[in-house]
Amino acid sequence: MLPLRIRRYRPFLIGAFIILVLLYHVSQNSDWELSQSALYSPKKAPADSAAKDRLNVEYQPPQPPKPTSIAHEKQTTTSAQPTPKKETGIRIPQLKTSNEVPGGFGLPTPAPTVGKAHDHSAAEESHVAVKLPDRPVPGTNDGGKPIADIENVEPTSTKEHWQKPSEWFPVPKESIIKLPTGKPKPIPTVQFNFGEESPEAKEKRVARLNKVRAEAQRAWSGYKKYAWGHDELTPVTRISKDPFCGWAATLVDALDTLWIMGLKEEFDEAVDYVKELDFTYSAHRSEIPVFETTIRYLGGFLGAYDVSGGEKTKAAYKILLDKAVELAEVLMSVFDTPNRMPILYYSWRPSFNENPKRASTRSGMAELGTLSMEFTRLAQLTGENKYYDAVARITNALEDLQNREDGTALPGIFPENIDASGCNRTAQAATNYDNLSDAGKQQVDDATDLNEEPQGYTAGMTAQDIQNGKDPLDLNGVTKRELNRRTPPPRSSVPGHQPPPWKGAKNQGPPRDAQGMPANWDCVPQGLVAGGWGSESYSMGGSQDSAYEYFPKQYLLLGGLEDKYRTMHEKVSAAVKKYLLFRPMAPGNPDILFSAKVTSYDHTDQKLNYEWEATHLTCFLGGMYGLGGKIFGSPEDVEIGKKLAAGCAWAYEVMPTGIMPEYSMVLPCAKADDCQWNQTAWYNAIDTEAEWRDEQLKKWEVNHAEWVQEVKMLKKEYAEAEEAAAKARSEQEAKPKNTHQSGLNPGVHQGMQQDVDYHLTKRRLSEDDKIEVAAKVNKLEDELDLNNIAGHAQQDQQQKPMSELLLPPEPEKPLSHEEYVEDRIKRENIPPGFVSLNDKRYILRPEAIESVFYYYRITGSPIWQDKGWRMFESVIAATRTDIAHSAIDNVAIASTSTSTKDKDKDDDRKQTKPSFTDSMESFWLAETLKYFYLLFAEPDVVSLDEYVFNTEAHPFRRPT
């Protein structure tokens, strides 16, 4: 017989046994794999829809084939994850001639009709093997501090690498736009015909050259010691940051600078590190900023390859071109859209990368139009026309917009934001329930809300990122606005932020239409149009600048064989002259120019709102006009460019630190040929409320006069009251003293007298003593005026001192127009000619010295070298840190010394020196210091007749 205790727990033991048996059977018959690829892999569908209905099974719409991994790595996970198919490399198809319609830029063939991405493998005739081994992210600096910002990087076994996706909208090989072929056209020379240099001039030039090189070595040494292998150095705190995916942006961006400056040892060391870069993975960003990645990384590789010898270079440098190809293969996926317009913020993770996409409805003009040179040069070096095709379609689309009647408010130039989606949503084709497939209808029925985003979804991040505590809006400590040197589109419109695979009620994936594409995918097609709603902004500044710069440069890069780039540039030049250029008013009447920002609110040029800006980014314009004017034979444009370059140099010279601010406003002249300095007009521009201020001053004068009269009246009344009080006191003093023998005052203070009498009686004083005491009490009462109760209150009021007189407050005098302006000028250090200093930072930008460099090479005048040298000395003085150089917060602060004695006198003394913002962007070495160096190098070092610079100052060799 079982013990009582065992019998008591017998039901629980039986229940536990049954649960164990059930769990065993469940584990044998269930799919426990939780990987995302398994979760969203399509099920095998029945042969037809009728069969589906008969079998009564859940039907999954067809999906693109599983992407093939470009990174040949062994992924080790704890779950039984399916192993992706391996290939030996990327297969690139043979390219044939183009049957593209002239001027067309859209996809020449319809989208797939079965919802399946195109697979090139069947039609490919050749392939190029590219090996991308898995590389660990460096854990420490080379001789510096530990890298704090990568301590929590996921282990290699859980890394999610980019995988080359199959295309949804492939371009047929026969429709690929080919590079222009033939002998380059004769193009006028750009550079001045320099003669022999005098020994004195050479000595001066070489001394300056060496100082520039020394500062470049200083910046590079700081980067190498404290941020090696990372994107940027923070030159004050001596750590690193990675706003550009952590692929060593400064290192790649500076490669050709190192070569040009003769720093071959540093160059070779950097090239060795390039081998370690893996563009299929980033521990720092889930999206790739396409524009910045193209100009800095892709341009950096190509520029370094060209200046180091190109095809004639030694074998060790061939890695530069190989890496350019590897990166380009990743970036080519951004063009897989219905109209082949690029995704500008590319979510590279496979979980985001498998669905069809469209370009943004709010693409920045600069980001959209500044890809052509890099992909064109890559096509020239590799012979792969697909790279040229990708950017030629963007050019065709822009050409169509420029030539379209009423295409833009200002004919010839483009608005700041472009709708590149290819969809006319205002005339969208209806897609309703009846158009859906049976599977699509079922998904609609099952889903509770198709418009609801997946629970826990955060744009641009995976669920694992959020679980790991990563801030969805943090990009390694910098915001998107900070990381782009051109202002990016708002985050809500960034096309790269694609949601993860849609999850309905049964995790079926996104709803599909009758052709297998995502529901609501179809729309009325259109070309490029102005993005956003309402107003359109036009300028040569941020978000637009480099797109215009590339038209004449692309013409040079193609050897003059594609005339559309010349035509587009000339239309831009004419429009800028018509709508944007202006001469600022300044003391001394300098003959300089700036370019304004214009806003149209009705899509016409009839009612335009002007901002007379002087921005650092716009300073590239002088070089663009000079280059275009030289190669297209326009002396007028060369002269305009010279005035634009001189304008930016002037903006440097007049600031307290000798450095131009990031953004400011100046005073325009009504006529460029009649522009005399007028201080009254300058004051009126600084203070646009002069009339209101004068009215307030007049009101104050009236109110102040009334206040004066009121004070006079009150003082008179008080004086009369004081006089009456004095008279009363005199009369009181004239009255005889009350000298009662007994000391009694029966009418007043009886209590006091009684107390005196009581004490006198109790102490048994003599009568003489009593009389003496009573007399003293009476005298004290008279002195205290206690015997005149009736007149006491009146006397107190009469004797009130004048200092206690409460007067109404005096009205505060407002500043006059002149006083307000002079106070603001002094407080903000506004130089004559400037109206406001809206953004006082200097972030080590290159655009001003870029145009100065161009005009030295174009004119041969040493004046430009002198201008550039003053700029260099000012920049170094304000930005030099202990290890490198930093951006500063305020260029309007003069660096003046102040004694300790003077400082002690004024605790609230204003800042007397700019503060470091602890940032050294990669373009400091890639552009700014390179242009300073080339300004003092011999003219044949990177000659403008042999090379053409991309917008990041990477020199591409022109065809010969």
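Reading guide: rules and limits
Residues numbered from 1 in each chain as written. Predicted model: local features only at pLDDT ≥ 70, side-chain atom pairs only at ≥ 80, totals over all residues. Heavy atoms only, no water. UniProt positions renumbered as here; feature names shortened; annotations may be inferred. Helix = DSSP H or I, 4+ residues; strand = E, 2+ residues; numbered from the N terminus. Buried < 20%, exposed > 50% of the residue type's maximum accessible area, 1.4 Å probe, protein only. Contact = heavy atoms within 4.5 Å. Axes fitted to C-alpha atoms, helices over the stretch in contact; angles between N-to-C directions. Left-handed = near helix turned anticlockwise from the far one by under 90°. Nonpolar A, V, L, I, M, F, W, Y, C, P; charged D, E, K, R; others polar. Arc of directions from axis to C-beta. Polar contact = N/O pair within 3.5 Å; in protein donor to acceptor, adjacent residues only side chain to side chain. Pairing = 2+ DSSP bridges. Salt bridge = Lys/Arg side-chain N within 4 Å of Asp/Glu carboxyl O. Patch = residues over 30% accessible without salt bridge, like charges linked within 9 Å, V, L, I, M, F, W, Y side chains within 5 Å. Areas by Shrake-Rupley, 256 points an atom, 1.4 Å probe, with all protein chains shown as cover. Lys, Arg positive; Asp, Glu negative; His and termini not counted. Charge placed at Lys NZ, Arg CZ, Asp CG, Glu CD. Disulfide = S-S within 2.5 Å. Core = buried A, V, L, I, M, F, W, Y, C linked by side-chain atoms within 4.5 Å. Expected span 1.5 Å × (residues − 1).

Per an unreviewed UniProt entry, the protein chain is named alpha-1,2-Mannosidase, and its organism is Neurospora tetrasperma. Its UniProt record, at the heading Pathway (unreviewed entry), says of the protein chain: "Protein modification; protein glycosylation." Per its UniProt entry, the protein chain bears the Sequence similarities (unreviewed entry) comment "Belongs to the glycosyl hydrolase 47 family."

Regarding its fold elements, the protein chain presents 30 helices and 21 strands. Considering the protein chain as a whole, with its 960 residues, one finds that 51% of them fall into the buried category. A sequence separation of at least 24 residues applies to 79% of the contacts in the protein chain between residues at least 6 apart.

Here we come to the packing of helix α17 (residues 545-557) against helix α18 (residues 564-579). Packed helices, taken two at a time, are described by their axes: the angle between them and the distance between them. Axis separation between α17 and α18 bottoms out at 8 Å; the angle between their running directions is 145 degrees. The handedness of the crossing between α17 and α18 is left-handed. Contacts from Tyr548, Phe551, Pro552, Gln554 and Tyr555 in α17 reach Tyr565, Arg566, Met568, His569 and Val572 in α18. Of the residues in the contact of α17 with α18, the class split is 7 nonpolar, 2 polar and 1 charged.

Residues of helix α7 (residues 264-274) that are buried: Phe267, Ala270, Val271, Tyr273 and Val274. Burial along α7 is one-sided: seen end-on, the buried residues are contained in an arc of 160 degrees. Each element contacted by the buried residues of α7 is listed here: α4 (199-227), α5 (249-253), α6 (255-260), α8 (290-307) and α9 (318-331).

Let us look at the UniProt feature "active site" (unreviewed entry) in the protein chain. When the UniProt feature table is mapped onto this chain, "active site" (unreviewed entry) is found at Glu292, Asp545, Glu662 and Glu847. Aside from chain neighbours lying at most four places away, what touches Glu662 is Ala614, Thr615, His616, Asp839, Arg841, Ile843 and Arg845. If you trace the backbone, Glu847 turns up in helix α27 (residues 847-859). There is a polar contact of 3.2 Å between the side chain of Glu847 and the side chain of His616.

Here we come to the side chain of Thr951. Tracing the sequence through the fold places Thr951 in the loop between β20 (947-949) and β21 (955-957). In terms of polar contacts, Thr951 uses its side chain to reach the side chain of Glu549, at 3.1 Å.

Hydrogen bonds along the backbone pair up the strands of a sheet, which may run parallel or antiparallel. Ordered by their spatial adjacency, 3 strands build an open sheet running β7-β8-β11, and the pairing between neighbours is antiparallel. The open sheet has two edge strands, β7 (363-364) and β11 (529-530), and neither has a second partner. Where strand β8 (residues 417-419) lies against β11, 2 bridges are found, and the strand directions are antiparallel. Of the residues in β11, the one forming a bridge with Asp419 is Val529.

Our next topic: the pattern of salt bridges. For the structure shown, the criterion picks out 39 salt bridges. Put simply, Lys275 and Asp272 hold a salt bridge, and the shortest N to O gap is 3.7 Å. On the accessibility criterion, Lys275 (39% relative accessible area) is partly exposed. A salt bridge links Arg693 to Asp687; the nearest nitrogen and oxygen atoms lie 2.8 Å apart. The structure contains a network of salt bridges with shared partners spanning Asp823, Arg824, Arg827 and Glu828.

Turning to the UniProt feature "binding site: Ca(2+)" (unreviewed entry) in the protein chain, a few remarks are in order. The residues that UniProt annotates with the feature "binding site: Ca(2+)" (unreviewed entry) are Thr951. Taking the relative accessible area as the measure of exposure, Thr951 reaches 4% and is therefore buried.

A cluster of like negative charges, contributed by Glu691, Asp694, Glu695, Glu818, Glu819 and Glu822, occupies part of the molecular surface. Going through the elements one at a time, α22 (690-734) and α26 (817-828) are the ones with two or more residues in the negative patch. With respect to the helices and strands, the residue Asp694 is situated in helix α22.

In this section: the sheet that holds strand β17 (residues 613-615). With antiparallel pairing, the 3 strands of this open sheet are ordered in space as β17-β18-β19. Strand pairing shows two members of the sheet lacking a second neighbour, β17 and β19 (834-839), which therefore form its edges. Shown here is a sheet whose adjacent strand axes are inclined to one another by a mean of 25 degrees, direction ignored. Note: strand β18 (residues 663-666) against β19, 3 bridges, orientation antiparallel. When the sheet's bridge partners are listed, Met665 is paired in β19 with Ser836.

Take the side chain of Ser360 next. Turning to its location among the elements, Ser360 is positioned in the loop between α10 (350-353) and β7. Only 2.9 Å separates the side chain of Ser360 from the backbone nitrogen of Arg362, close enough to count as a polar contact.

Okay, unusual backbone geometry next. The phi dihedral of Ala248 is positive, around 65 degrees, even though this residue is not glycine. Of note in this structure, His603 is not a glycine but carries a positive phi near 60 degrees. Its place among the elements puts His603 in the loop between β15 (597-600) and β16 (608-611). On the basis of relative accessible area, His603 is assigned to the partly exposed category, the value being 29%.

On inspection of all chains with the given rule, the structure shows 3 disulfides. Note on cysteine connectivity: Cys619 is disulfide-linked to Cys648, with sulfurs 2.0 Å apart. Taking the torsion about the sulfur-sulfur bond, which here is approximately -100 degrees, the covalent link between Cys619 and Cys648 counts as left-handed. Taken together, the residues span a long stretch of sequence, with Cys619 in the loop between β17 and α19 (620-631) and Cys648 in helix α20 (residues 635-654) at a distance of 29 residues. For Cys619, a relative accessible area of 1% corresponds to the buried category. We classify Cys648 as buried; its relative accessible area is 5%. One disulfide in the model links Cys669 with Cys675; its S-S distance is 1.6 Å. Given an S-S torsion of about 55 degrees, the disulfide between Cys669 and Cys675 has right-handed geometry. Residues Cys669 and Cys675 agree in their burial class; the two are buried. Across the protein chain, the disulfide pattern expressed with sequentially numbered bonded cysteines is 1-2, 3-4, 5-6.

A general tendency of soluble globular proteins is for nonpolar side chains to be buried together. Counting residues in hydrophobic clusters, the biggest one holds 180 residues, and the most contacted among them are Leu251, Leu255, Leu320, Phe375, Ile413, Phe594 and Trp924. Ranked by the residues each element gives to this core, the list is headed by α8, at 10 residues. In this structure Leu251 touches Trp220, Tyr223, Trp228, Ala270, Tyr273 and Val274, once residues within four positions along its chain are discounted. Within the second largest apolar cluster, 12 residues are counted, among which are Met665, Leu667, Tyr683 and Val835.

Here we come to helix α13 (residues 385-403). With 19 residues, α13 should reach 27 Å at 1.5 Å per residue; the first-to-last C-alpha distance of 26 Å fits that figure. Judged by how many residues are buried, α13 sits mostly within the fold: 17 of 19 residues are covered.

We now examine the pairing of β18. Relative to β18, β17 is paired through 3 bridges, and the arrangement is antiparallel. Directly across from Thr615, in β18, lies its bridge partner Tyr663.

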